[in-house]
Amino acid sequence: MSQKFDVVVIGAGPGGYVAAIKAAQLGLSTACIEKYTDKEGKLALGGTCLNVGCIPSKALLDSSWKFHEAQDGFAIHGINHAGVTMDVPAMVGRKANIVKGLTSGVATLFKANGVTSLQGHGKLLAGKKIEITKPDGSVEVIEAENVILAPGSRPIDIPPAPVDNNVIVDSTGALEFQAVPKRLGVIGAGVIGLELGSVWSRLGAEVTVLEALDTFLLAADTAVSKEALKTLTKQGLDIKLGARVTGSKVNGEEVVVNYTDKDGEKTITFDKLIVAVGRRPVTTDLLAADSGVTLDERGYVHVDDHCATTVPGVYAIGDVVRGMMLAHKASEEGIMVVERIKGHKTQMNYDLIPSVIYTHPEIAWVGKNEQQLKAEGVEVNVGTFPFAASGRAMAANDTGGFVKVIADAKTDRVLGVHVIGPSAAELVQQGAIGMEFGTSAEDLGMMVFSHPTLSEALHEAALAVNGGAIHIANRKKR
Ligand code: FAD
Ligand code: AMP
């Protein structure tokens, strides 16, 4: 007889591993199947996020920023030093140690919570049976009352620039360079392209970003995307908008890239090329033909608002389903699904999922932007506060960017918080907490904020919505 669990999760990324831990905490017998192995051939839990995504990219962003500051940012503080050097293999090695610590931490959490960790490729069969193909090729079938599919996503390949994992790489390869490329090309000015482009630019690469769209950061508030384009360009990223890559040819250790823009066909040569044109859901060999689970027209597992698939008792979460491809979205979907399996009526607020781009300055937002609200015909009041007027930002010599709070003109309810500047992600999270509880701009303005903090910029922007900012001249009069 095959083993039977209350919950079987396929995939141990931030969607799957969080769901598995939560299920075990709620007293459900739980197994989690994962196939990913690290360079040493050992099972590595944590998915894209911990192994080749959020965490390693932030590790390199932080290291490269420190190098950049050590070179160009210390003199203004009166710190004089010479001869700062860089050791790329050590930087990449530090990143690998962080990854190892976190992925083995997930294994420890599984043990501590009683989650059964199963290594292999999981495939959903009919009748909530799951076939596991183990590393040695043997096959086992287990059963579940409930199945959670969390297989994540993988980078999109484009025919004009096929990844060879040497000169042309995807985001995973771009986390592994052992030396700084002199001329680095990036296809795609999305979150991943900008973050990875920033890492290598700060370390000395000449970076050119080729983006097919004419608009920069389409999803961001226009004021933020304008400021971001200006600042990133000033930092040395050559961002070419309206530049569609049409072909490439690798010649030894360099690649000649063809692209078209408004002036016609062009070529440019790079030593390395990162393809960062988005990600697609992983569904290869995930579902038996008679599993009953369906995909939508874009290849995502079809789910309802509560992540239920077309088969009762089978759910799907994270990058493999509709919505933003973000670790925190995946994790919260996992929690929602497990709590609903337990009979709770848990809902997820999809309107308040924060987005962050970890460039410098950081870019983050939650809720709607001004152009979206205008298009919906919603009348708004806007308050903006520049970090140039923040004492804390001045002390840190980090004064670029601003906080923008958008509130409904009729009710004063905050509808969006948009930040470009230091600690943008943390500031936006404060806005998200307020918005979850239906805060008005006036509520935020009435709160006591510690001084001196960057958070005061959020306070002042909220006050500015109704013409009450103290530390800048108000555009709107009370
Ligand atoms: P994944 O993390 O992709 O995990 C899925 C797991 O399932 C994988 O380990 C895979 O091996 C396993 N799997 C797949 N199929 C099977 C199968 N059939 N059997 C067994 N196992 C299987 N998001 C953020 O929120 N913040 C960031 O800063 C951020 N930075 C990023 C930077 C980069 C460079 C990249 C690439 C991504 C980044 N993301 C970030 C996105 C984030 O990593 C994903 O949204 C998140 O990992 C999705 O979680 P998931 O659990 O759905 O899938
Ligand atoms: P994201 O989906 O946010 O990761 O961003 C990927 C970006 O890559 C999008 O803005 C696309 O417009 C861009 N893109 C996709 N294909 C190409 C291409 N052939 N040339 C240049 N940019 C591209």
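Quantities reported herein were computed from a predicted structural model and do not represent experimental measurements.

Draft legend 1. Broad picture of the overall build of the protein. Within the protein, the regular secondary structure consists of 13 helices and 22 strands. Across the 478 residues in the protein, those meeting the buried criterion constitute 51%. Taking all contacts inside the protein whose residues are at least 6 apart in sequence as the whole, residues at least 24 apart take part in 61%. Accessible area of the protein: about 21,800 Å², with a carbon and sulfur share of 53%. Averaging the coordinates of the 46 positive side-chain charges in the protein and doing the same for the 54 negative ones gives two points 1 Å apart.

Draft legend 2. Structural detail: the nonpolar core. Residues Leu-184, Trp-200, Phe-216, Leu-217, Ile-274 and Ile-363 are the most contacted members of the largest nonpolar core, which totals 37 residues. Of all the elements, helix α6 (residues 191-202) adds the most residues to this core, at four residues. Grouped together as the second largest cluster of nonpolar side chains are 31 residues, Leu-28, Cys-49, Val-115 and Cys-307 included.

Draft legend 3. View of helix α13 (residues 456-465). In terms of residue burial, α13 counts as a mostly covered element, since 10 of its 10 residues are buried. Three or more residues of α13 are buried, namely Glu-456, Ala-457, Leu-458, His-459, Glu-460, Ala-461, Ala-462, Leu-463, Ala-464 and Val-465. Check the buried side of α13 and you find it contacts β20 (380-386), β21 (402-408), β22 (414-421), α11 (424-436) and α12 (441-446). Two residues or fewer after α13 comes Gly-467, characterised by a positive phi angle close to 75 degrees.

Draft legend 4. A look at the pairing of strand β2 (residues 30-34). Taking burial as the measure, the five residues of β2 include five buried ones, the bulk of the element. The alternating pattern of β2 places Thr-30, Cys-32 and Glu-34 on one face and Ala-31 and Ile-33 on the opposite face, and all of these are buried. The pairing of strand β1 (residues 4-10) with β2 spans four bridges and is parallel. Bridging from a neighbouring strand, Val-8 pairs with Ala-31 of β2. With helix α1 (residues 16-25) bridging β1 and its parallel neighbour β2, the resulting β-α-β unit is right-handed. Two elements, β2 and strand β3 (residues 116-119), share four bridges in a ladder whose sense is parallel. Residue pairing in the sheet places Ile-33 in a bridge with Leu-118 of β3.

Draft legend 5. Region of interest: the pattern of salt bridges. What the rule picks out here adds up to 23 salt bridges. Ionic pairing is found between Asp-285 and Lys-123, a salt bridge with its closest N-O pair at 3.0 Å. Taken together, the positions of Asp-285 in the loop between β16 (279-281) and β17 (314-316) and Lys-123 in strand β4 (residues 121-124) put the pair 162 residues apart, joining distant regions of the chain. Owing to a relative accessible area of 45%, Asp-285 belongs among the partly exposed residues under this scheme. Owing to a relative accessible area of 19%, Lys-123 belongs among the buried residues under this scheme. Among the ionic pairs, Arg-322 bridges to Glu-333, the shortest N-O distance being 3.0 Å. Here the residue Arg-322 occupies a position in the loop between β17 and α8 (327-341), and Glu-333 occupies one in helix α8, the gap between them amounting to 11 residues.

Draft legend 6. Here's a closer look at the confidence of the model for the protein. In this model, the protein carries an average pLDDT of 97, and 99% of its residues clear a pLDDT of 70 or more. The secondary structure element of the protein with the lowest average pLDDT is helix α3 (residues 54-72), at 96, and the one with the highest is β17, at 99.

Draft legend 7. Just the site of ligand 1, in detail. Around ligand 1 lies a shell of 38 residues, among which Glu-34, Thr-48, Lys-58, Gly-122 and Ala-327 are the nearest. Within the side chain of Thr-48, a nitrogen or oxygen atom sits 2.6 Å from an oxygen atom of ligand 1. One of the backbone N or O atoms of Ala-327 is found 2.8 Å from an oxygen atom in ligand 1. In the complex, the protein chains occlude 94% of the 1,000 Å² of accessible area that ligand 1 would expose alone.

Draft legend 8. Representation of the domain arrangement of the protein in the model. Split into domains, the protein comes out as domain 1 (4-154 + 280-350), domain 2 (168-277) and domain 3 (361-465). Facing 17 residues of domain 1, the contacting portion of domain 2 comprises 14 residues. Both sides together, the interface formed by domain 1 and domain 2 hides about 1,400 Å², and carbon and sulfur atoms give 64% of it. Summed over the shared surface of domain 1 and domain 2, the result is three salt bridges. Here the side of domain 1 that touches domain 2 gets nine residues from one element, more than from any other, and that element is α3. Among the residues forming the side of domain 1 that touches domain 2, the class breakdown is 11 nonpolar, three polar and three charged.

Definitions and limits used
Position numbers for residues count from 1 along each chain, tracking the sequence in the order it is written. Numbering of ligands from 1 and lettering of chains from A proceed in the order in which they are written. Residue-level local features of this predicted model are given only where pLDDT is at least 70; pairs of side-chain atoms are given and counted only at 80 or more, and the full residue set underlies all totals for whole chains, interfaces and linings. Think of the side-chain values as coming from all heavy atoms in the structure, minus any hydrogens and water. Secondary structure follows DSSP: runs of H or I at least 4 residues long count as helices, runs of E at least 2 residues long count as strands, and numbering of each begins at the N terminus. In this scheme, a residue with accessible area under 20% of its type's maximum is buried, one over 50% is exposed, and one in between is partly exposed, where area comes from a 1.4 Å probe on protein chains only. We call two residues contacting when some pair of their heavy atoms lies within 4.5 Å. Residue burial considers only the protein chains on display, and all accessible areas are found by Shrake-Rupley using a 1.4 Å probe. His is not counted, nor are the chain ends; Lys and Arg add positive charge and Asp and Glu add negative charge. Charged groups are reduced to one reference atom each: NZ for lysine, CZ for arginine, CG for aspartic acid, CD for glutamic acid. Here the nonpolar core consists of buried residues drawn from Ala, Val, Leu, Ile, Met, Phe, Trp, Tyr and Cys, with membership extended through side-chain atoms lying within 4.5 Å. Whether two strands pair depends on DSSP finding at least two bridges between them. The definition of a right-handed crossover adopted here requires that, viewed with the strands pointing away, the path from the first strand over the helix to the second runs clockwise. The working definition used for a salt bridge is a side-chain nitrogen of Lys or Arg within 4 Å of a carboxyl oxygen of Asp or Glu. Within a predicted model, pLDDT stands for the predictor's per-residue confidence, ranging from 0 to 100. What makes a residue near a molecule or strand is one non-hydrogen atom of that residue sitting within 4 Å of it. Here a polar contact is taken to be a pair of N or O atoms separated by no more than 3.5 Å, where protein atoms must pair a possible hydrogen donor with a possible acceptor and residues adjacent in sequence count only if both atoms sit in side chains. Residue ranges for the domains trace back to a domain assignment, done automatically or taken from a database. The buried area of a pairing is the accessible area, by a 1.4 Å probe, that goes missing from both parts when the two are put together, added over both. Three residue categories are used. Nonpolar comprises Ala, Val, Leu, Ile, Met, Phe, Trp, Tyr, Cys and Pro, charged comprises Asp, Glu, Lys and Arg, and polar comprises the others, including Gly.

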